[in-house]
Amino acid sequence: KEKERETMFAAENGLKGDPRLEAISAAIRVVPNFPKKGIMFQDITTLLLDHKAFKHTIDIFVDRYKDMQISVVAGVEARGFMFGPSIALAIGAKFVPLRKPGKLPGKVISESYELEYGHDRLEMHVDAVKPLERVIIIDDLVATGGTLSAAISLMESQGAEVVECACVIGLPEVKGQHKLKGKPLYVLVEPSGLDEFC
Amino acid sequence: MSLTIIHLFLLLSPLRKQRIYVQCFSLTMSGNKEEEDPRINGIKTKIRVVTCSVSKIAGIMFQDITTVLLDPKAFKDTIDLFVERYRDNNISVVAGIEARGFLFGPPIALAIGAKFVPLPKPKKLPGETIFEEYELEYGNDRLEMHVGAVEAGDRALVVDDLIATGGTLCAAINLLERVGAEVVECACVIELPELQGRQRLKGKPLCMLVEYR
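Rules behind the numbers
Residues numbered from 1 in each chain as written. Chains lettered and ligands numbered in written order. Predicted model: local features only at pLDDT ≥ 70, side-chain atom pairs only at ≥ 80, totals over all residues. Heavy atoms only, no water. Helix = DSSP H or I, 4+ residues; strand = E, 2+ residues; numbered from the N terminus. Rg over C-alpha atoms; globule rule 2.2 N^0.38 Å. Buried < 20%, exposed > 50% of the residue type's maximum accessible area, 1.4 Å probe, protein only. Contact = heavy atoms within 4.5 Å. Areas by Shrake-Rupley, 256 points an atom, 1.4 Å probe, with all protein chains shown as cover. Lys, Arg positive; Asp, Glu negative; His and termini not counted. Charge placed at Lys NZ, Arg CZ, Asp CG, Glu CD. UniProt positions renumbered as here; feature names shortened; annotations may be inferred. Phe/Tyr/Trp six-rings, centres within 6.5 Å; stacked < 30°, edge-to-face > 60°. Lys NZ or Arg CZ within 6 Å of the ring centre and 35° of its normal.

Some points on the overall build of chain A
Per the secondary structure count, chain A includes five helices and 10 strands. Computed over C-alpha atoms, the radius of gyration of chain A comes to 16 Å, within 12% of the 16 Å expected from 2.2 N^0.38 for 198 residues, which places it in the range of a compact globule. Judged by the C-alpha coordinates and their principal axes, chain A covers about 45 × 40 × 30 Å. Every one of the 198 residues in chain A was classed for burial, and the buried ones make up 55%. Counting contacts in chain A only where the partners sit at least 6 residues apart, residues at least 24 apart contribute 61% of the total. Surface accessibility of chain A: about 8,800 Å² in total, with carbon and sulfur atoms responsible for 53%. With 25 positive and 28 negative side-chain charges, chain A shows a separation of 3 Å between the mean positions of the two kinds.

Below is the structure:
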């Protein structure tokens with residue numbers, strides 16, 4: 001099954017022509033020049049306003065993971081929090097938040113990752129994930145894969161197995177790849193078209 | 001949902017014109033005040049109380065809900081309790097306060113057929129926003145909301161993991177009311193009643209599951 005997988009997109013991995021993907025894509029708003037000039041920001045808050053499309057998003061991930069014996073869904077702060085818990089609840093898994101430094105109250109482990117300028121860190125509670133647990137990592141969007149790579153490192157440092165990284169949107173930098181640090185990547189849609197929002 | 005005896009009493013009583021806050025889920029359908037929904041205790045036992053280290057606010061007891069999220073049954077029960085309360089209430093918006101409100105709000109919104117609207121700190125939202133300031137111990141902070149996310153006539157819930165002083169919830173209520181929405185209720189997993197946050201909700205009712213004194 002792994003050998004057949006060429007790309008990360010859902011449409012090329014069993015969901016070709018699925019009208020739900022169209023609805024999800026249409027619900028995502030593009031905001032030009034945020035957070036700075038030249039960036040076409042993919043705004044998923046409009047997806048969250050569209051109950052049907054939001055439900056489709058969760059349903060597609062749930063259908064994919066419910067029979068894969070996943071015991072942990074980890075979500076990257078903060079937009080990963082908007083998708084991860086609903087998936088975890090539906091598949092009977094734990095939800096583990098991965099947060100910016102200083103937010104989690106208990107003892108944490110951390111992993112740094114590169115930003116365009118400088119570094120940031122991702123933290124996780126030390127007791128959240130046990131060895132041999134099967135983990136899905138969720139974020140709204142994957143660009144360079146830096147944050148997800150840090151998340152994978154956190155999981156592996158605890159002896160857990162990352163089964164897949166899942167995102168709603170995948171940017172061109174990652175297109176054509178379907179693995180991150182050797183882990184499969186699964187993405188629902190490409191970035192939405194230019195400036196549709198009125 | 002059928003009314004309990006206590007609900008009927010409150011409806012008929014002249015006291016209803018004052019601010020009566022019915023503690024959620026401390027009453028069963030039979031109106032027996034001593035009997036709590038059995039799921040509540042399961043949730044309460046999963047909340048971890050952490051004494052903050054010097055690097056954070058020294059000595060503060062922090063109510064950590066991440067351990068609830070680690071227990072699929074407790075997390076599901078938390079969401080189910082709120083969903084059961086709100087699903088027949090024509091709620092069109094669930095607004096969640098960043099970041100822990102994002103953990104509970106979307107599952108509730110999905111289950112009751114409502115929109116989810118995040119209310120984060122400044123500079124997180126990419127589109128046009130409005131903001132509301134609230135007081136911290138030292139200085140102020142702000143909550144923001146996208147223009148157009150909530151419309152006049154929307155019936156809204158505000159969700160956060162915990163209510164302490166009520167400052168952020170009050171700011172959220174203000175944001176929603178400014179665009180013409182009706183805030184039906186605030187919903188929190190935990191209340192710290194000694195901080196009297198309930199008094200700062202502009203008369204809006206609070207539903208909470210667990211209180212810490």
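Remarks on the UniProt feature "domain: Phosphoribosyltransferase" (unreviewed entry) in chain A
Under the UniProt annotation, "domain: Phosphoribosyltransferase" (unreviewed entry) lies at residues 51-172 of chain A. Between the C-alpha atoms that bound residues 51-172 of chain A the distance is 27 Å, and the span itself is 29% helix and 35% strand.

Digging into the packing of aromatic side chains
Throughout the structure, instances matching the rule amount to seven aromatic pairs over all chains. Between the aromatic rings of Phe81(A) and Phe95(A), the centroid separation amounts to 6.1 Å while the plane-to-plane angle is 90°, which identifies the pairing as edge-to-face. One end of the pair, Phe81(A), is in the loop between strand S3 (72-76) and helix H4 (84-91); the other, Phe95(A), is in strand S4 (residues 94-98), and 14 residues separate them in sequence. Taking relative accessible area as the criterion, Phe95(A) reaches 0% and is therefore assigned buried. A centroid spacing of 6.1 Å and a plane angle of 90° characterise the contact between Phe102(B) and Phe116(B), whose relative ring orientation is edge-to-face. Taken together, the residues span a long stretch of sequence, with Phe102(B) in helix H5 (residues 101-112) and Phe116(B) in strand S4 (residues 115-119) at a distance of 14 residues. Three or more aromatic residues link up through ring pairs in this structure, and these residues are Phe61(A), Tyr65(A) and Tyr186(A). The positively charged end of Arg64(A) is found above the aromatic ring belonging to Tyr186(A), 3.8 Å away from the centroid.

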